[in-house]
Amino acid sequence: MTRNWSEEARKRDEADRLAPFRARFHVPAGTVYMDGNSLGLASVDALESLERAAREWRDLAIGGWLDARPDWFTYGERIGARMAPLVGAEPEEVALVGSTTANLHSLVATFYRPKGTRRKILADELNFPSDLYALASQVRLQGGDPAKDLILAKSADGRTLDEEALISLMDDTVAVAVLPAVLYRSGQLLDLRRLTQAAHERGIVIGFDCAHSVGSVAHRLHDDDVDFAFWCTYKHLNGGPGSPAGLFLHRRHFEREPGLAGWFGYVKERQFDLALHFEHAPSASGWQMGSPSILSAAALDGALNLFDEAGILTVRAKSLELTSFLIELAEARLVPLGFEVGTPLEPDRRGGHVALEHDEGWRICRALKARGIVPDFRPRRVIRLAPVALYSTFAEVEHTVSALEEIVRNHEYEAFSSERAAVS
Ligand SMILES: *Cc1c(COP(=O)(O)O)cnc(C)c1O
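A brief report on the enclosed structure follows. (Residues numbered from 1 in each chain as written. Predicted model: local features only at pLDDT ≥ 70, side-chain atom pairs only at ≥ 80, totals over all residues. Heavy atoms only, no water.)

## Notes on the sheet that holds strand β12 (residues 376–378)
Across a sheet, strands are paired by hydrogen bonds formed along the backbone, either parallel or antiparallel in direction. Overall, antiparallel pairing links the 4 strands, which are arranged β9-β10-β13-β12 in an open sheet. Taken across any chain shown, the strands that pair with only one partner, and hence form the sheet edges, are β9 (340–341) and β12. Here β12 runs beside strand β13 (residues 382–385); their pairing, made up of 3 bridges, is antiparallel. Bridging from a neighbouring strand, D376 pairs with R384 of β13. (Pairing = 2+ DSSP bridges. Helix = DSSP H or I, 4+ residues; strand = E, 2+ residues; numbered from the N terminus.)

Okay, here's the thing in C-alpha cells:
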C-alpha cells in the first residue's frame, strides 16, 4: 500500500509544539526555505533588536557603551552567556567574538605550541576548506611545513569520518586536533565525547568547529570536556549575514595566555585604565580582541530569544523528526530515481541537514529554485536540504520531495545550464 505522505505531513504539523514559532520569522514570500544551514531567516525579534540598537546609536552616541540597554560594553559577554545553554557550557565559557575562521585562528594560536616530536595538527579532508587554510597558515607561523605537520584524516566513503580511524591517527606526534562537530556536506555528527576522551588520553588538545551544529544539535561541551570550540551565528542561530561568531573555552584553560590578544579581552573592570601591559579576563571574554560589532550583535541578541523560549532540546527533537521524515521520503521516492542519501541514517549521528546526492545535483538545484524552493549545493553532487525546527513544516518537506521527484522524472532540470554561480 502506498503511504499518503501529505496526510502524514499534515498530521505532524498539527501535532507540532513549535509550529507557532514560524509566524515570528520572515519567510520570503512564495518560497520554501531549505537553506537555513547557510543563512538563517530574519525573525521579528532580531529586527526589533537591531532597530533598537540603531536608535540607541542615533540617540545616545558614545553614551551607548554604558547607557544602551543592554549596554554595548559587555555585549560580547552577554551574548556569550546567552549562547552557553545551546552548547552545554557555563556562561563564562562562551564569548561572542570575531568570525568562525578568526576564532579558529585565535584558539589554535593559543594552544598550538609544537615541541620536540609533538608538532602536528590533526584535521580531516572533509572539513570546510577555510578551516584547513587557517590551520596550514598556523603551522607556517610556527615555522612548520603543512605538508608534514597538518595531517588530514581520510574518509573511506567520501561522506563521513570514522571515529575509530580518527583515534588511530592520534599519536604522540599530534599536538592539537581540530574537527567539525557536524560535517558541512554530509551532515554527519561526530561523537565529541569519545573523540575528546581519546585525545586527552594521548595528551592532545582538541577543539571543534560547531558552525553546522550550533542551534540544531544540543551540545554538552563542558561535560564532554572539549578544550575549545567555535561557530558562526548566521546559520541555524539566525543572527543575520556575517553576524559575529561564538567561541568556547573550557574553564580549566582560563589562565592561559590568549594567542592573539587585544584590548577587549582585558579584565573588564580595568580595561579603560589603558595600561601598557596586557592582563586578560579569566574567562572566554579574554579572547575578545577589538570592539564588538554592536549592530550585528543586536540582531543575534533578538534571534536568541526564540531559542530561550523553545529550548534547544525541543529544537533538536523536532529537527530530528524533520530530517528523519525527509530521509524516509527520499528513500521511498527519490532513491529509485537515482538519488543517494549521503547523511548517516542513525539520528544520533546526524546534524540538522540532509545531503541528497545526484550526478545532476547542480541543475536539479536550479530547477528547485525556479519552483521557489531554496536548497543549496556543494560540489560535486550534494544537494543540501535543511528543514529548520523553528520555521519549517513537515508539509514543506513533503512538497520539496514531490518537486524533486517531478524534476527528475520529467527531466525538468535539462532546461537549466550547468554553469555554476559565484555563491551557491
Ligand atoms: C560556515 C562555516 C564556516 C564559515 O566561516 P566564516 O569565518 O564564518 O566565514 C567555517 N567553517 C565551517 C565548518 C562552516 O560550516
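Now that the structure is up, let's keep going.
## Describing the site of the ligand
Around the ligand, the structure places S99, T100, T101, N127, F128, D131, D209, A211, H212, C232, Y234 and K235. Here H212 contributes a side-chain N or O atom positioned 3.3 Å from an oxygen atom of the ligand. Interatomic distance of 2.5 Å between a side-chain N/O atom of K235 and an oxygen atom of the ligand. Notes on the ligand: free accessible area 390 Å², of which the protein chains cover 84%. The residue makeup of the shell around the ligand, split by class, is 4 nonpolar, 5 polar and 3 charged. (Near = heavy atom within 4 Å. Polar contact = N/O pair within 3.5 Å; in protein donor to acceptor, adjacent residues only side chain to side chain. Areas by Shrake-Rupley, 256 points an atom, 1.4 Å probe, with all protein chains shown as cover. Nonpolar A, V, L, I, M, F, W, Y, C, P; charged D, E, K, R; others polar.)

## Observations concerning the pattern of salt bridges
On inspection of all chains with the given rule, the structure shows 37 salt bridges. Here R159 makes a salt bridge to E340, at a shortest N to O gap of 3.1 Å. Here R159 is found in the loop between β4 (150–153) and α8 (163–168), whereas its partner E340 is found in strand β9, with 181 residues between them in sequence. Residue E360 is joined to R363 by a salt bridge in which the shortest nitrogen-to-oxygen separation is 3.0 Å. Linked through salt bridges whose partners overlap, the residues forming this network are R159, E340, E357, D359 and R381. (Salt bridge = Lys/Arg side-chain N within 4 Å of Asp/Glu carboxyl O.)

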